[in-house]
Amino acid sequence: MPSNGAPIGTPTKVTQGSKTKGGIGESTLRPDGTLKVTGEFAYSSDMWHEDMLWGQILRSTVAHAEIVSIDTSEAIAMPGVYAVMTYDDLPTDVRNYGLEIQDTPVLAHGKVRHHGEPVAIVAADHPETARRAAAKIKVDYRELPVITDEASATAPDAILIHEGRDDHHVGHVPHPNIVHRQPIVRGNVEEAAKKADFVVTGEYTFGMQDQAFLGPESGLAVPEEDGGVHLYVATQWLHSDLRQIAPVLGLPESKVRMTLSGVGGAFGGREDLSMQIHACLLALRTGKPVKIVYNRFESFFGHVHRHPAKLHYEHGATKDGRLTHLKCRIVLDGGAYASASPAVVGNASSLSVGPYVVDDVDIEAIALYTNNPPCGAMRGFGAVQACFAYEAQMDKLADAVGMDRVEFRQLNAMEQGTIMPTGQPVDSPAPVAELLRRVKAMPMPPEQQWLSAGEEADVRQLPGGLSNTTHGEGVVRGVGYAVGIKNVGFSEGFDDYSTARVRMEVIAGEPVATVHTAMAEVGQGGVTVHAQIARTELGVAQVTIRPADTQVGSAGSTSASRQTYVTGGAVKNSCELVREKVLEIGRRRFGSYHPAWATAELLLEGGKVVTDGGEVLADLVDVLEDEAVEVEAEWRHRPTEAFDLRTGQGFGHVQYSFAAHRAVVEVDTELGLVKVIELACAQDVGKALNPLSVIGQIQGGTTQGLGVAVMEEIIVDPKTAKVKNPSFTDYLIPTILDTPTIPVEVLELADDHAPYGLRGIGEAPTLSSTPAVLAAIRDATGLELNRTPVRPEHLTGT
Amino acid sequence: MRVSFTVNGRPQEADDVWEGESLLYVLRERLGLPGSKNACEQGECGSCTVRLDGVPVCSCLVAAGQVEGREVVTVEGLADFAKQRAERGGCASGACGTSLQDAQGWAAQGQDSQTGEGAELSPVQQAFIDAGAVQCGFCTPGLLVAADEMLERNPNPSDADIREALSGNLCRCTGYETIMDAVRLAAARQGEVV
């Protein structure tokens, strides 16, 4: 719950006009754009310091084993090696970390629980020396049986992944190898099922997806004279990192200073710590700056992935196409450590119905502890897996009833006022039927585009592409639709606040605003939006965005589609407080000259104080003179509450976000090759603060959904729990040839609870993209296809 | 070993280079040119794309010793490279490429300031900013070098041409639509100038 007197859930409205150039609603360009196109932008992997050492992590080669012994003597004896550290060298009794449950060892202690777990760390004067030294460390493992699925995790004699659990979920889970369980029960599902004329069931499987951000985990830790350390790092939430790092180092938080360096994408994969503590430990041990940069291979082991899932769904519908009930069970594989699994379970269960009206439900979602790679946050966060299943169900139900698939969805679509299965009313626009109407109404891409350039087939337009596998023979087109619902912001009672410091002063004869937050800019364009908000609220042309660091209060995580809403809301709020102070100064200085200072509503526009009637009262330069006005304040959206542990009832979510897709695919049915021709999207964004960035988010999210539909999957060997494809050669993400045109329609239906009426947008397009592509492939092939990603062998049966 | 080669029109020497080091490592860690990015180190992602004697290559796959006496252009030199190409008449014909002689006949101008303000950009760099093709930006340097080289060869590319030319450059943020927009925009602007 909120910890101080900051405003709670204050609805914010547009009080300032739009006369200031570069304000909200315009597609202003990124302030970091020039640096990024010239190669000057400093990413975390670009950091350099005189006398710098390179850190390297030794990771386990097996998934589940007791560590019998570790021999570091050869490694430490190598020329150029400055330090080798294992569990025994950790400086304090705090030796675990974790986002919610502190179950993750900084370095393995006695046991490893997944393939690629950190066992030892090395610092050396060249990265290759560090790698070779790490390879000289001898670890003797005594292997244990691996737990890889629900059956092996919950077997009566199953080895406990974590012995002696004392976290706050252990009391309500049916087995200690289950991280968290969230049931949702509403209405009377058995009675409602009797009304069903058709019952449709399905078993669905969702593969393990990787965030595959392009900038690998990296950072530089610099020891400081006061015994502390300064860490320059790419992360999604500086203050969450700080809270986990400082106790392990045995330092107060004030002695661990953090500065955000350039972040090469995140998508959830930087919510958990990676190299942060290791670099700090080596820097403090050696007294020298230490840089750690993962290569791609290590990056696949260095962050959590999207939970793979098994989903069992049963829906009923009446003859006239109304949904009667839902029974579903979602099993998420959380892997060896908890990470964000509890919150992913909350999302998967509470959003498992999708954007539809179903009054009678019996839902259960669980996350397992296994010896598979740890899974946690990735764009869409539990809602993605559910959407894949419920949208497949909607097509089956529509077919059973004999209705058009889009019309069936529209008939059952939720709208403002619908009660969620959690009992929470949807109290802002929910234009689900309208989004479907819009994607359906978009013009279809022309048939046989491969012939558009002439008589010869352009193989680049065909499945198989430049492999030249077909000139159109055996190619069948399919079309599919899907729609999804995602929550925005941290849910279930989390105190999800952001802090913004805003300063206004005259510099070189011009009023200038400075915005300082700890928001992690990971590419999404938050820095662009903060400048736009400051221009709108303070009526200045010049805005300076200070680098994000821990010298200002927390801005929360750059995840859950929340930053424009929450840190944007905090910037807006602090600007409003600055504006009031500026007007106070103005009244003090000039109030006696004009009655409007006391009587009119005053605005800051175009560098001036004006009345709401447009009369200019003073230049900001004259009002401020040499005074600087500065405010740092926390801002909160309305509070939420936990879901009841037995019934799942509760006001758990802040806001919902909706997107719909239409996928058009062409399938070479003989070879099982798929080319996605077009992925049209319609999304409600409440208010597009920066339309160019909004469309960029929608297209980027859509493409990640496409990836997990047809190619992206981390393959884990079920016998050994070892990762088989940790590289971009074997884990494929969409190239520009795999990605179709993505026409986007943006709706702006204001949510009155949110700043400017905006809606968090980053994740919703990742949900419906995948099931739309799957539906289109089913349409082309007539196959059932209950798992994603779809591979050629699933289409050819070979 | 010592490696001597030309980077962005300037002679450079790197000392104490270990034989296993890549061109990418030498550029980033020894010559202070971190613009070329390391995202996979196996030639799959294209983030480290530079031009070696005019030809786009993944610098992570080029052993540093292989560039002895040769000519490298990185993203840091792209603006000047494009400017001097334009001053020499550009490549309106559509199939010229850059000869070794041409590549060696230019030199990069002074460095940008810390903020990048006032930086003179190449048409393709400006188009990436204007079209919203930059999000996290990690893939951007490699894409810029590849796109600039494609437009040099093919000033009027079809969409399929652009996709083919950039198919070795992964981007995880944009879904490529704004990258397509940016290259089309750069081609159109280039057409206006000619």
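Residues numbered from 1 in each chain as written. Chains lettered and ligands numbered in written order. Predicted model: local features only at pLDDT ≥ 70, side-chain atom pairs only at ≥ 80, totals over all residues. Heavy atoms only, no water.

1. Remarks on the overall build of chain A
Then step 1. Counting secondary structure elements, chain A contains 19 helices and 31 strands.
Then step 2. What you see for chain A is a C-alpha radius of gyration of 27 Å, in line with the 28 Å of a compact globule of 798 residues.
Then step 3. Structurally, chain A occupies a C-alpha span of about 85 × 75 × 60 Å along its principal axes.
Then step 4. Per-residue burial for chain A yields a buried fraction of 64% across its 798 residues.
Then step 5. Look at the contacts in chain A between residues 6 or more apart in sequence, and 79% of them connect residues 24 or more apart.
Then step 6. Here chain A holds 68 positive side-chain charges and 102 negative ones, and the gap between their average locations is 0 Å. (Helix = DSSP H or I, 4+ residues; strand = E, 2+ residues; numbered from the N terminus. Rg over C-alpha atoms; globule rule 2.2 N^0.38 Å. Buried < 20%, exposed > 50% of the residue type's maximum accessible area, 1.4 Å probe, protein only. Contact = heavy atoms within 4.5 Å. Lys, Arg positive; Asp, Glu negative; His and termini not counted. Charge placed at Lys NZ, Arg CZ, Asp CG, Glu CD.)

2. Considering the confidence of the model for chain A
Then step 1. In this model, chain A carries an average pLDDT of 96, and 98% of its residues clear a pLDDT of 70 or more.
Then step 2. Confidence drops under a pLDDT of 50 for residues 1-14 of chain A, and excluding neighbours within four residues, the segment shows 36 contacts in the predicted structure. (pLDDT = per-residue confidence, 0-100.)

3. Observations concerning unusual backbone geometry
Of all residues except glycine, most have a negative phi; of all peptide bonds, most are trans.
Then step 1. In this chain, Thr 788 of chain A is followed by Pro 789 of chain A through a cis amide linkage whose omega measures 0°.
Then step 2. Along the polypeptide, Pro 789 of chain A turns up in the loop between strand E31 (787-788) and helix H19 (792-796).
Then step 3. Notably, Leu 785 of chain A is not glycine yet its phi reads approximately 50°, a positive angle.
Then step 4. Positionally, Leu 785 of chain A belongs in the loop between helix H18 (764-781) and E31.
Then step 5. We classify Leu 785 of chain A as buried; its relative accessible area is 9%.
Then step 6. The backbone phi angle of Tyr 176 of chain B is positive, close to 70°, even though this residue is not glycine.
Then step 7. Counting through the fold element by element, Tyr 176 of chain B comes out in the loop between helix H6 (159-165) and helix H7 (177-193).

4. A word on the interface of chain A and chain B
Then step 1. Taken together, the contact between chain A and chain B spans 63 residues of the former and 59 residues of the latter.
Then step 2. Together, the buried faces of chain A and chain B total about 4600 Å²; carbon and sulfur atoms form 58% of this surface.
Then step 3. The three residues of chain A that bury the most area against chain B are Val 37, Leu 214 and Ile 736 of chain A, which together make up 18% of that side's buried surface.
Then step 4. Counting across the chain A and chain B interface gives 6 salt bridges. (Buried area = accessible area lost by both parts, 1.4 Å probe. Salt bridge = Lys/Arg side-chain N within 4 Å of Asp/Glu carboxyl O.)

5. Digging into the nonpolar core
Then step 1. Grouped together as the largest cluster of nonpolar side chains are 94 residues, with contacts concentrated most on Tyr 313, Ile 330 and Val 773 of chain A.
Then step 2. Among the elements that line this core, the one with the most residues is helix H10 (residues 383-401) of chain A, at 12 residues. (Core = buried A, V, L, I, M, F, W, Y, C linked by side-chain atoms within 4.5 Å.)

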